[in-house]
Amino acid sequence: MKSLIIFYSLEGDTKFIANSINEELEGDIVELIPVKQIPTTGFKKFLWGGKQVMFKEKPELQPISADLSQYDLIVLGTPVWASRFAPVFNTFLENNNISNKKIALFCCHGGGKEGKTFSDFKEKLKDNQFLGEIAFEDPLKKDKEGNLLKAKEWIKSIRQSF
Ligand SMILES: Cc1cc2nc3c(=O)[nH]c(=O)nc-3n(C[C@H](O)[C@H](O)[C@H](O)COP(=O)(O)O)c2cc1C
């Protein structure tokens, strides 16, 4: 089974979970990086990020080189922004046609839970099979070790369902 993790992370939480999952999968991993990064300090990040979600923006991404057709399992990971996936995924999903894949979803949130994050992904990726989804609350700040184990156990159970 060949796996690919695609994630975005502004402050490291989603990256931490993506890397933890990949320690189990030992597959490929791609970080979505916007050409223009939004500020990470103070309240500005909420203004910029919230605006991007509200206006359904598609921020330009740095090029990625993965050929999605090669993979059996695709894992998508995002922080929750205004109860939805981060807008970089608007760009990614528009530029990449994903169908007939097995997909697993994870997100990191700040306590408000996943909101519409997973349902929006499923709506946009209708022609795929979803194997599971899981949410983490600020894993770098809250129980890092527990979240690492949670991520590994989750992906092991996904892999077993193959
Ligand atoms: C623009 C923006 C909007 C956010 N909106 C939410 C939200 O609606 N619900 C929530 O629980 N957390 C929200 N958060 C918090 C992040 O989802 C949370 O801190 C997450 O762990 C950050 O992941 P990262 O470190 O990979 O960027 C928001 C953060 C930002 C920057």
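Quick note: structure is the one above.
In every chain, residue numbers begin from 1 and rise along the written sequence. Residues qualify for local features only when their pLDDT is at least 70, as the model is predicted, and side-chain atom pairs are given and counted only at 80 or more; totals for whole chains, interfaces and linings, by contrast, use all residues. Working from all heavy atoms in the structure, the side-chain values ignore hydrogens and water.

Participant: What is the right way to read the nonpolar core from this model?
Facilitator: Soluble globular proteins: nonpolar side chains tend toward being buried together. Residues Ile6, Phe89 and Phe92 are the most contacted members of the largest nonpolar core, which totals 29 residues. Going through the elements one at a time, strand S1 (3–7), strand S3 (73–81), helix H3 (88–95), strand S5 (102–109) and helix H4 (117–124) are the ones with two or more residues in this core. Counting residues in each nonpolar core, the second largest holds 19 residues, with Ile5, Ile134, Leu148 and Ala151 among its members. Here, nonpolar core refers to any group of buried Ala, Val, Leu, Ile, Met, Phe, Trp, Tyr and Cys residues whose side-chain atoms link them within 4.5 Å. Buried, partly exposed and exposed residues are distinguished by accessible area as a fraction of the type maximum, computed with a 1.4 Å probe on protein chains only: under 20%, between the cut-offs, and over 50%, respectively. Elements are defined by DSSP. Helices are runs of H or I of four residues or more, strands are runs of E of two residues or more, and each kind is numbered from the N terminus.

Participant: Would you mind showing me how to read a nonpolar patch on the surface here?
Facilitator: A cluster of nonpolar residues, Phe43, Phe46, Leu47 and Trp48, forms a patch on the protein surface that exposes about 470 Å² of accessible area. Here Phe46 is to be found in helix H2 (residues 44–54). Like charges are joined within 9 Å and nonpolar side chains (Val, Leu, Ile, Met, Phe, Trp, Tyr) within 5 Å, but only among residues with over 30% relative accessible area and no salt bridge; these make up the patches. Exposure was quantified through the Shrake-Rupley algorithm and a 1.4 Å probe, taking into account, for residues, occlusion by the shown protein chains and nothing else. Salt bridge, as applied in this entry: a Lys or Arg side-chain nitrogen positioned within 4 Å of an Asp or Glu carboxyl oxygen.

Participant: For this particular structure, what's the right way to read the packing of aromatic side chains?
Facilitator: The rule is short: rings of Phe, Tyr and Trp, with Trp giving its six-membered ring, pair when the centres are within 6.5 Å, and they are stacked under 30 degrees, edge-to-face over 60, tilted in between. This structure, assessed with the given rule, holds 6 aromatic pairs. Note on Phe43 and Phe46: the rings are 5.7 Å apart at their centroids and 45 degrees apart in plane angle, and the pair reads as tilted. Take Phe43: its relative accessible area is 57%, and that puts it in the exposed class. Classification of Phe46 as exposed rests on a relative accessible area of 52%.

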